[in-house]
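Report on the structure
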Amino acid sequence: GDETIVVIPGDGIGQEVVPAAVDVLEALDLGFEFASYEAGDHVAEERGTPLPAETRAAVEAAEATLFGAAGETAADVILPLRSAVDSFVNVRPARAYPGVDAVRPETDLVFLRENTEGVYAGLEHRLSDQVATGTRLTTRAASERLAEFACSYLADVETDSFTVVHKANVMGETDGLFREAVFDVATDRGVEPDEVLMDAFATRVCLDPTQFDVVVCPNLAGDVLSDLAAGLVGGLGLLPSANLGPERGLFEPVHGTAPDIAGEGVANPSATILSAAMLLEFLGYDAEARAVRGAVESVLESGPRTPDLGGDATTDDVTGAIVERFDVE
Ligand code: NAI
Ligand code: MG
């Protein structure tokens, strides 16, 4: 490997968990170069923008970026960064791990969330101090691109179908088009998806998450339902994500800057290290990705654990234990 990985720690615990994940990647000795860039609240104060042009340009040029989190400026950082990698899908696995207290320990599913449209397209207007409106954007192209990805993804996870979550019974045009485009692609590819209305999905996934495996959804539904799934598996410190484009990827934990614990050195690095495993997989290092995931699982099961999981270990203790437990085939 001669890849350059762009690294953007951001604010708060991003400054702690991103270096931890870089330590893990460095320990694999794959010859990566790491190029560190700034973004977030602390940059906005100094530079008048939370996302300096050189940071965006670096992400646009790199195959893979590892991002931590930004604070108040999160939307002004992460939305442009997702578009810098032309990301059309946000992959969010939600898995419970042995040794971690989970509401639903049998949970093991992955959300494939549309990443550019819906109510997050930025088409909002304040008409007066009494009235605001928003436009919900759905295009056939974005919906089909997501569905194509979903069909290909099934082979990776050895599954033959996915569940489409939508609310086309009420939003007949926007979610109607989404649903239609997803089913058209699936039919062409010989896949027969299930479908569940988004509100019913919220209940069903709480009662029995084993009904679901790969879940394909519009932007807002994917955001909310994947956070709900985080609650089922024992919290935000464990959930990784990948924003994938046709050529580039941006990998980040689902959690934010955790201002309540930032600076104490006790943030759980697992979500970011698992995001780094998704980065490895994206770059084609499958065995290394499995080794990292295996080491994280082993440490979650036996400890050391950070305080969010009931332990008293530091970020460094956990990272060190993960590095010690690699077993690359
Ligand atoms: P948060 O995810 O930062 O924290 C929620 C709770 O989970 C806190 O109690 C925190 O201590 C805990 N937590 C989160 N990650 C943890 C970890 N790795 N280890 C241990 N505990 C962890 O969400 P919150 O509090 O809603 O937002 C805080 C800030 O983060 C806000 O300024 C928000 O805008 C930003 N944010 C940024 C995101 C991004 O950059 N992608 C995503 C979500 C929030
Ligand atoms: Mg969210």
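Because the structure is predicted, anything quoted here is derived from the model rather than measured.

**Focus on the pairing of strand β5 (residues 108–114)**
Burial runs high along β5: six of the seven residues are buried. Pairing of strand β4 (residues 89–95) with β5, which is carried by seven bridges, proceeds in the antiparallel orientation. Paired with Arg-92 across the bridge in β5 is Phe-111. Here β5 runs beside strand β10 (residues 214–217); their pairing, made up of four bridges, is parallel. Pairing of Phe-111 across the sheet is with Val-215, part of β10.

**Some details on the site of ligand 1**
For ligand 1, the set of nearby residues contains 21 residues, the closest of which are Gly-71, Gly-256, Ala-258, Asp-260 and Asn-268. The separation between an oxygen atom of ligand 1 and a polar main-chain atom of Thr-257 is 3.1 Å. The separation between an oxygen atom of ligand 1 and a polar side-chain atom of Asp-260 is 2.7 Å. Residue composition of the shell around ligand 1, by class: eleven nonpolar, six polar and four charged.

**A closer look at the pattern of salt bridges**
This model, assessed by the stated rule, comprises 18 salt bridges. Of the charged contacts in the structure, one is a salt bridge between Arg-189 and Glu-148, with a shortest N-O distance of 2.6 Å. Residue Arg-189 is found in the loop between α6 (174–188) and β9 (194–197), and its partner Glu-148 is found in helix α5 (residues 140–156); the two are separated by 41 residues along the sequence. Note that Arg-248 and Glu-247 form a salt bridge whose closest N and O atoms lie 3.9 Å from each other. For Glu-247, a relative accessible area of 55% translates into the label exposed. Put simply, Arg-92, Arg-113, Asp-223 and Asp-227 are held in one network by salt bridges that share partners.

**A short note on the sheet that holds strand β2 (residues 33–36)**
The strand order across the open sheet built from ten strands is β2-β1-β3-β12-β11-β4-β5-β10-β8-β9, with neighbouring strands paired in mixed fashion. Each edge of the open sheet is held by one strand with a lone partner, namely β2 and β9. Geometrically, the sheet is characterised by an average inter-axis angle of 25 degrees between neighbouring strands, direction not taken into account. Alignment of strand β8 (residues 163–166) against β10, held across two bridges, turns out to be parallel. From the neighbouring strand, Val-164 faces β10, where its bridge partner is Val-216. This element, α6, spans β8, β9 and β10 of the sheet and lies at about 170 degrees to β8.

Thresholds, definitions, all that
- Residues numbered from 1 in each chain as written.
- Chains lettered and ligands numbered in written order.
- Predicted model: local features only at pLDDT ≥ 70, side-chain atom pairs only at ≥ 80, totals over all residues.
- Heavy atoms only, no water.
- Buried < 20%, exposed > 50% of the residue type's maximum accessible area, 1.4 Å probe, protein only.
- Helix = DSSP H or I, 4+ residues; strand = E, 2+ residues; numbered from the N terminus.
- Pairing = 2+ DSSP bridges.
- Near = heavy atom within 4 Å.
- Polar contact = N/O pair within 3.5 Å; in protein donor to acceptor, adjacent residues only side chain to side chain.
- Nonpolar A, V, L, I, M, F, W, Y, C, P; charged D, E, K, R; others polar.
- Salt bridge = Lys/Arg side-chain N within 4 Å of Asp/Glu carboxyl O.
- Axes fitted to C-alpha atoms, helices over the stretch in contact; angles between N-to-C directions.
- Contact = heavy atoms within 4.5 Å.

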